[in-house]
Amino acid sequence: LLHGIAITAQPIPDVLGAGPAPRGRRRYFEVDVLEVAERRMLKTLWIGFVWPQSDTNDSTVASGIFAGDPTSSSSAPPCASFGRWLPETADDLRNAFIVGGDPPKVRYLDGEASKVAGWRPIREVVVGSTLGALLEEDGDEISLTVYQD
């Protein structure tokens, strides 16, 4: 598998922090790197979160309800709204909050938010690496933190 996008059938459950309970929501997942391409390419991984296109024109997630939550009025599973088509790379996903690429950058929704300094997945992610992605949402603020090893 050279390219791959994994979308869960149900939303990733909220997690509780070790410290005081967060006011907003927190979601976390990990990926173990079992294999990398022998021949290094100019493309590298992206990691983060994506949610289905909403039925409204509001393209933010600041509403406090992530798509597919049990509190949502939609009865369809969250992956259903992606249809059969998925882009070749995560960089082409809409409604995503992801970090990666080379040179590394952060993408939020349909635009580029900023460049990333201090982490080059093309050089630093190797067989045996574990990557974790933490999405924190608190009112109008949303943040993505990526952990490695």
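Values in this document were obtained by computation on a predicted structure and should not be read as measured data.

Colleague: Hey, could you go over the overall build of the protein for me, with residue numbers and the actual values?
Modeller: Helix and strand counts for the protein come out as one helix and seven strands. In sequence order, the secondary structure elements of the protein are arranged as β-β-β-β-β-α-β-β. Once local pairs closer than 6 in sequence are excluded, the contacts in the protein between residues at least 24 apart make up 61%. Here the protein has roughly 9,800 Å² of accessible surface; of this, 53% comes from carbon and sulfur atoms.

Colleague: Quick rundown of the pairing of strand 3 (residues 96-100)? Include the residues and the values.
Modeller: Looking down a regular strand, the side chains alternate between one sheet face and the other. With five of five residues buried, strand 3 is to be regarded as a mostly interior element. Side-chain alternation along strand 3 places Ala96, Ile98 and Gly100 on one buried face and Phe97 and Val99 on a second face that is also buried. Bridge count between strand 2 (residues 46-50) and strand 3: five bridges; the pairing is antiparallel. When the bridges of strand 3 are listed, Gly48 appears paired with Ile98. As judged from the five bridges shared by strand 3 and strand 4 (residues 105-109), these two strands associate in the antiparallel manner.

Colleague: I'd like a description of the pairing of strand 4, backed by residues and values.
Modeller: Burial within strand 4 is extensive, with four of its five residues counted as buried. In textbook terms, the turn of a hairpin is the stretch between consecutive antiparallel strands, and for strand 3 and strand 4 this stretch comprises four residues, one of which, Gly101, has a positive phi near 80 degrees.

Colleague: Can you explain the nonpolar core? Please cite residues and give values.
Modeller: Ranked by internal contacts, the top residues of the largest apolar core, which has 15 residues, are Phe49, Phe97, Val99 and Leu144. Elements with a contribution of two residues or more to this core: strand 2, strand 3, strand 4 and strand 6 (130-138). Among residues more than four places away in sequence, those in contact with Phe49 are Ile12, Arg27, Phe29, Asn95, Ala96, Phe97, Ile98, Ala133, Leu134, Leu135 and Leu144. In terms of nonpolar packing, the next biggest core, distinct from the first, is built from five residues, Ala90, Leu93, Ala96 and Ile98 among them.

Colleague: Mind laying out the sheet that holds strand 1 (residues 25-32), listing which residues take part and the relevant values?
Modeller: Strand order in the open sheet made by the three strands is 1-6-7, with antiparallel pairing throughout. Each edge of the open sheet is held by one strand with a lone partner, namely strand 1 and strand 7 (141-148). On average, adjacent strands in this sheet sit at an angle of 15 degrees to one another, irrespective of strand direction. Summarising the sheet, strand 6 and strand 7 pair through eight bridges and their orientation is antiparallel. Its bridge partner being in strand 7, Glu137 is matched across the sheet by Ile142.

Colleague: So what about unusual backbone geometry? Which residues, and what values?
Modeller: If a residue is not glycine, its phi is most likely negative; likewise, a peptide bond is most likely trans. For the bond from Asp102 to Pro103, the omega torsion is 0 degrees, close enough to zero to count as cis. Tracing the sequence through the fold places Pro103 in the loop between strand 3 and strand 4.

Colleague: Give me the pattern of salt bridges: which residues, what numbers.
Modeller: What the rule picks out here adds up to four salt bridges. A salt bridge links Asp14 to Arg25; the nearest nitrogen and oxygen atoms lie 3.4 Å apart. In this pair, Asp14 sits in the segment before strand 1 while Arg25 sits in strand 1, placing the two residues eleven residues apart along the sequence. Here Arg26 makes a salt bridge to Glu136, at a shortest N to O gap of 3.1 Å.

Calculation rules
- Residues numbered from 1 in each chain as written.
- Predicted model: local features only at pLDDT ≥ 70, side-chain atom pairs only at ≥ 80, totals over all residues.
- Heavy atoms only, no water.
- Helix = DSSP H or I, 4+ residues; strand = E, 2+ residues; numbered from the N terminus.
- Contact = heavy atoms within 4.5 Å.
- Areas by Shrake-Rupley, 256 points an atom, 1.4 Å probe, with all protein chains shown as cover.
- Buried < 20%, exposed > 50% of the residue type's maximum accessible area, 1.4 Å probe, protein only.
- Pairing = 2+ DSSP bridges.
- Core = buried A, V, L, I, M, F, W, Y, C linked by side-chain atoms within 4.5 Å.
- Axes fitted to C-alpha atoms, helices over the stretch in contact; angles between N-to-C directions.
- Salt bridge = Lys/Arg side-chain N within 4 Å of Asp/Glu carboxyl O.

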